[in-house]
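Now for the letters of each chain:
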Amino acid sequence: MPTGSITPLIALLWVLNVVLDTGGQLAFKAAAGDPNAGDGLARWLYMARRPWIWLGIASYVIEFLIWIAFLSLLPLSEAILLGSINIVAIMVAGRFLFGEKLTRMRVAGILLVTLGVAIVGVGG
Amino acid sequence: MKRGWFYLIGFLVLVLFDSVGAISFKYAGMHALPVEANTAWLLRLFGRPWVYGAVIGYVGAFFTWMTLLKHAPIGPAFAASHLEVVSVMLLSIWLFNEPLRLPHVLGAIAIVAGIVCLGFAESREHVPEEGEA
């Protein structure tokens, strides 16, 4: 069944995977980075009472299924390369939401990964 | 150089867990075809062992990663943790008879170069604390 050509369904699954992966990571970051959370068991109870950690877990559960569906429809060697875009999405999101620095080396890395994913997507 | 061996073996274990996870994901999907947004698909998926292999791969990778990060420099650790794209590509050619085509090779080279850049970027920002090295 996998042919290597990207259909609208495959594109949709790819976008959902990136959104859920990035959303999940950011939700975990928001949960773990809360300065009011305290320590030890109290910290976990504090996090459990707030939505962030649950949002992260829900994102990951749905992403798990989306990723399997995505892999079912594409050759694994191609799918794993296309999935590398998650690295870029998380770095860019971290920059905008948490003010993480984008150094020249990071920008070069982001551009190269994006270029590689584009080559695979267009030429695959 | 005891620590060097620790890292080398640790990173190989990490790549191994990631590869096992990705390949199990692929087998899980293949055995549950066709893809449907319903419970029949979920039952097919979770009624076979592959999906649990995927979970084991990911849990194993997580704990290996956390163990390595206790002491490993973050830059090389970051790069190594994403280099499973190469091992998974090579394994797919062997296990699933997938053709290795030029766009995939060129794309993989650019992605790996990008990951190495990001690894260097992380290394530069991470200043080792007193006594850490």
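Residues numbered from 1 in each chain as written. Chains lettered and ligands numbered in written order. Predicted model: local features only at pLDDT ≥ 70, side-chain atom pairs only at ≥ 80, totals over all residues. Heavy atoms only, no water.

Trainee: Looking at this structure, I do not really get the overall build of chain A. What am I missing?
Mentor: When its secondary structure is counted, chain A shows 6 helices and 0 strands. The order of helices and strands in chain A, counted from the N terminus, is α-α-α-α-α-α. Dimensions along the principal axes, computed over C-alpha positions, put chain A at roughly 50 × 35 × 20 Å. Looking at chain A as a whole, 45% of its 124 residues are labelled buried. Accessible area of chain A: about 6,300 Å², with a carbon and sulfur share of 72%. (Helix = DSSP H or I, 4+ residues; strand = E, 2+ residues; numbered from the N terminus. Buried < 20%, exposed > 50% of the residue type's maximum accessible area, 1.4 Å probe, protein only. Areas by Shrake-Rupley, 256 points an atom, 1.4 Å probe, with all protein chains shown as cover.)

Trainee: Where do I start with the side chain of S87 of chain B in this structure?
Mentor: All names here are of chain B. Relative to the assigned elements, S87 resides in helix α5 (residues 84–95). We classify S87 as buried; its relative accessible area is 18%. For S87, the side chain forms a polar contact with the main-chain oxygen of E84, separated by 3.0 Å. (Polar contact = N/O pair within 3.5 Å; in protein donor to acceptor, adjacent residues only side chain to side chain.)

Trainee: How should I be thinking about the packing of helix α3 (residues 51–73) of chain A against helix α2 (residues 39–46) of chain B in this particular structure?
Mentor: The relative placement of two packed helices comes down to the angle between their axes together with the axis-to-axis distance. Two numbers describe how α3 of chain A lies on α2 of chain B: the axes approach to 12 Å, and their chain directions differ by 85 degrees. As far as their axial angle goes, α2 of chain B and α3 of chain A are roughly perpendicular. Facing α3 of chain A, whose interface residues are F64, L65, I68 and A69 of chain A, α2 of chain B presents W41, L42, L45 and F46 of chain B. (Axes fitted to C-alpha atoms, helices over the stretch in contact; angles between N-to-C directions. Parallel < 35°, antiparallel > 145°, perpendicular 65-115°, else oblique. Contact = heavy atoms within 4.5 Å.)

Trainee: In this structure, what is going on with the confidence of the model for chain B? I would like to understand it.
Mentor: Low-pLDDT portions of the prediction should not be read for the details of their coordinates. Residue and element names in this part refer to chain B. Per-residue pLDDT for chain B averages 83, and the proportion of residues at 70 or more is 92%. Within chain B, the lowest mean pLDDT, 75, falls on helix α4 (residues 74–82), and the highest, 90, falls on α5. Scored below 50 in pLDDT, residues 129–133 makes 3 contacts in the model with residues more than four places away or belonging to other chains. (pLDDT = per-residue confidence, 0-100.)

Trainee: Looking at this structure, I do not really get the interface of chain B and chain A. What am I missing?
Mentor: Where interface size is quoted, it is often the accessible area lost as the parts come together. Residue-level contacts link 41 residues of chain B with 35 residues of chain A. For the chain B and chain A pair, buried surface summed over both sides reaches about 3,300 Å², with 77% attributable to carbon and sulfur atoms. Across the chain B-chain A interface, the total number found is 0 salt bridges. Looking at the side of chain B that touches chain A, the elements that each hand over two or more residues are α1 (2–30), α2, α3 (50–69), α4, α5 and α6 (102–125) of chain B. Ranked by residue count, the leading element in the side of chain B that touches chain A is α6 of chain B, at 16 residues. (Buried area = accessible area lost by both parts, 1.4 Å probe. Salt bridge = Lys/Arg side-chain N within 4 Å of Asp/Glu carboxyl O.)

Trainee: Mind showing me how you'd approach the nonpolar core here?
Mentor: Soluble globular proteins tend to bury their nonpolar side chains together. In this structure, F70, I80 and L81 of chain A are the most contacted members of the largest nonpolar core, which totals 47 residues. Ranked by residue count, the leading element in this core is α3 of chain A, at 8 residues. Each residue touching I80 of chain A, except ones within four places of it in the same chain, is listed here: W67 of chain A together with A22, V85, V88 and M89 of chain B. Judged by nonpolar contacts, the second largest core, of 8 residues, contains Y7, L68, A72 and A80 of chain B. (Core = buried A, V, L, I, M, F, W, Y, C linked by side-chain atoms within 4.5 Å.)

Trainee: Is there a simple way to think about the confidence of the model for chain A in this case?
Mentor: On average, chain A scores 87 in pLDDT, and the residues at 70 or more come to 96%. For chain A, helix α2 (residues 40–49) of chain A is the element with the lowest average pLDDT, namely 85, and α3 of chain A is the one with the highest, namely 92.

Trainee: Would you mind showing me how to read unusual backbone geometry here?
Mentor: For residues that are not glycine, phi is negative in most cases, and the peptide bond is trans in most cases. All names here are of chain B. Between L33 and the following residue, P34, the backbone shows a cis peptide bond with an omega angle of -5 degrees. Inspection of the secondary structure assignment puts P34 in the loop between α1 and α2. Despite not being glycine, N97 shows a phi value in the positive range, around 50 degrees. Among the secondary structure elements, N97 is positioned in the loop between α5 and α6. Exposure remark for N97: the relative accessible area of 66% places this residue in the exposed category.

Trainee: What should I look at first to understand the environment of G56 of chain A in this one?
Mentor: Residue and element names in this part refer to chain A. Residue position: G56 is located in helix α3. Taking the C-alpha atoms as reference, G56 lies 12 Å from V19; in sequence the two are 37 residues apart. Filtering out sequence-adjacent residues up to four positions away, G56 remains in contact with G24, A27 and F28.

Trainee: I'm lost on the environment of V55 of chain B in this one. Help?
Mentor: Among the secondary structure elements, V55 of chain B is positioned in helix α3. Between the C-alpha atoms of V55 of chain B and A22 of chain B, which are 33 residues apart in sequence, the distance is 9.9 Å.

Trainee: Explain the packing of aromatic side chains to me, please; I cannot follow it from the model alone.
Mentor: Aromatic ring pairs are described here by two measures, namely the spacing of the ring centres and the angle between the planes. Here the structure, examined in full by the defined rule, presents 10 aromatic pairs over all chains. When the centroid spacing of 5.8 Å and the interplanar angle of 55 degrees are considered together, the rings of F6 of chain B and Y7 of chain B count as tilted. For Y7 of chain B, a relative accessible area of 15% gives the class buried. Relative to F96 of chain B, the ring of Y27 of chain B lies with its centre 5.0 Å away and its plane at 55 degrees, an arrangement referred to as tilted. Here the residue Y27 of chain B occupies a position in helix α1, and F96 of chain B occupies one in the loop between α5 and α6, the gap between them amounting to 69 residues. Take Y27 of chain B and F96 of chain B: they sit in the same class, and that class is buried. In textbook terms, an aromatic cluster arises when at least three aromatic residues are bridged by ring pairs, as seen for F64 of chain A together with F25 and Y58 of chain B. Across from the ring centre of F96 of chain A, 5.9 Å away, lies the NZ or CZ of R95 of chain A, which sits over that ring. (Phe/Tyr/Trp six-rings, centres within 6.5 Å; stacked < 30°, edge-to-face > 60°. Lys NZ or Arg CZ within 6 Å of the ring centre and 35° of its normal.)

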